[in-house]
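# An overview of the molecular structure
Residues per chain, in single letters:
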Amino acid sequence: MKCPYCSFMESKVIDSRPAEDGASIRRRRECLKCQKRFTTYEKLETISLVVVKQDNSRQPYDREKIVRGLIRACEKRPITYAQMEEVADQIESELYQMMSKEVTSTEIGEKVMSHLKELDEVAYVRFASVHKHFSNIQSFKSALEELLDEK
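This text gives an overview of the structure that appears in the document. (Residues numbered from 1 in each chain as written. Predicted model: local features only at pLDDT ≥ 70, side-chain atom pairs only at ≥ 80, totals over all residues. Heavy atoms only, no water.)

The three strands are arranged β5-β4-β6 in an open sheet whose pairing can be described as mixed. Each edge of the open sheet carries a strand with a single partner, namely β5 (58-60) and β6 (102-104). Pairs of neighbouring strands in the sheet enclose a mean axial angle of 35°, with direction left out of account. One ladder, built from three bridges, connects strand β4 (residues 50-52) with β5; its direction is antiparallel. Bridge pairing in β5 links Val-50 to Pro-60. Contacts between helix α3 (residues 105-119) and the sheet are confined to β4 and β6, with β6 contributing the most and set at about 65° to the helix. (Pairing = 2+ DSSP bridges. Helix = DSSP H or I, 4+ residues; strand = E, 2+ residues; numbered from the N terminus. Axes fitted to C-alpha atoms, helices over the stretch in contact; angles between N-to-C directions. Contact = heavy atoms within 4.5 Å.)

An α-helical turn contains 3.6 residues, so any two residues separated by three or four positions project in the same direction. Turning to helix α4 (residues 121-131), its buried residues number three or more, namely Ala-123, Tyr-124, Val-125, Phe-127, Ala-128 and His-131. Buried positions along α4 lie against α1 (63-73), α3 and α5 (137-149). Among the residues of α4, the N-terminal cap falls to Asp-120, whose side-chain oxygen and the backbone nitrogen of Val-122 are separated by 3.2 Å. At the C-terminal side of α4, His-133 shows a positive phi close to 55°. (Buried < 20%, exposed > 50% of the residue type's maximum accessible area, 1.4 Å probe, protein only. Polar contact = N/O pair within 3.5 Å; in protein donor to acceptor, adjacent residues only side chain to side chain.)

Moving on, we get to the nonpolar core. If you look at the biggest cluster of nonpolar residues, it comprises 26 residues, and the most contacted ones within it are Tyr-61, Ile-66, Leu-70, Ile-108, Val-112 and Leu-116. Elements supplying a minimum of two residues to this core: α1, α2 (81-97), α3 and α4. For this core, the element with the highest residue contribution is α2, accounting for six residues. Ignoring anything within four residues of it in the chain, the contact list for Val-112 reads Ile-66, Leu-70, Ile-91 and Phe-127. (Core = buried A, V, L, I, M, F, W, Y, C linked by side-chain atoms within 4.5 Å.)

A word on the packing of α1 against α2. Interaxial distance between α1 and α2 falls to 10 Å at its minimum, and their mutual angle equals 135°. It follows that α1 is oblique to α2 by the angle criterion. Viewed along their axes, α1 and α2 form a crossing whose handedness is right-handed. Here Arg-63, Ile-66, Val-67, Leu-70 and Ile-71 of α1 come into contact with α2, specifically with Tyr-81, Met-84, Glu-85, Val-87, Ala-88, Asp-89, Ile-91 and Glu-92. Taken together, the residues of the contact of α1 with α2 sort by class into nine nonpolar, no polar and four charged. (Parallel < 35°, antiparallel > 145°, perpendicular 65-115°, else oblique. Left-handed = near helix turned anticlockwise from the far one by under 90°. Nonpolar A, V, L, I, M, F, W, Y, C, P; charged D, E, K, R; others polar.)

Okay, here's the thing in structure tokens:
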């Protein structure tokens with residue numbers, strides 16, 4: 001492991017423990033050259049997912065796209081970044097549990113909307129307006145009525 005301070009390639013592990021999510025290991029390390037300490041996280045390598053877009057093009061799955069979409073939808077809402085990360089983690093877990101190497105962007109969007117509906121209704125409507133391509137006020141109204149009917 002390369003030291004982030006002096007770039008020396010050798011360090012010793014001082015402490016190891018499961019990270020908060022339980023899916024990774026947090027390691028506290030000390031550089032053998034400069035004696036500075038730093039933290040690393042070890043995570044299980046998962047199968048690579050391919051996202052099938054609406055135009056049938058394919059691209060590698062990128063968790064950060066989900067996080068960016070959540071940030072935009074939750075802008076100026078009482079949602080913490082940690083909550084958005086947790087939603088992204090849950091969605092990612094659901095995608096890997098599908099046991100498929102390909103997933104459609106529509107499926108991902110539906111999962112995001114499902115989690116946002118539970119988290120914050122305004123964020124849900126914001127995300128849905130982009131995901132479902134609301135073209136007029138009537139389609140927006142229909143989505144709001146659907147949300148109100150569920151209450």
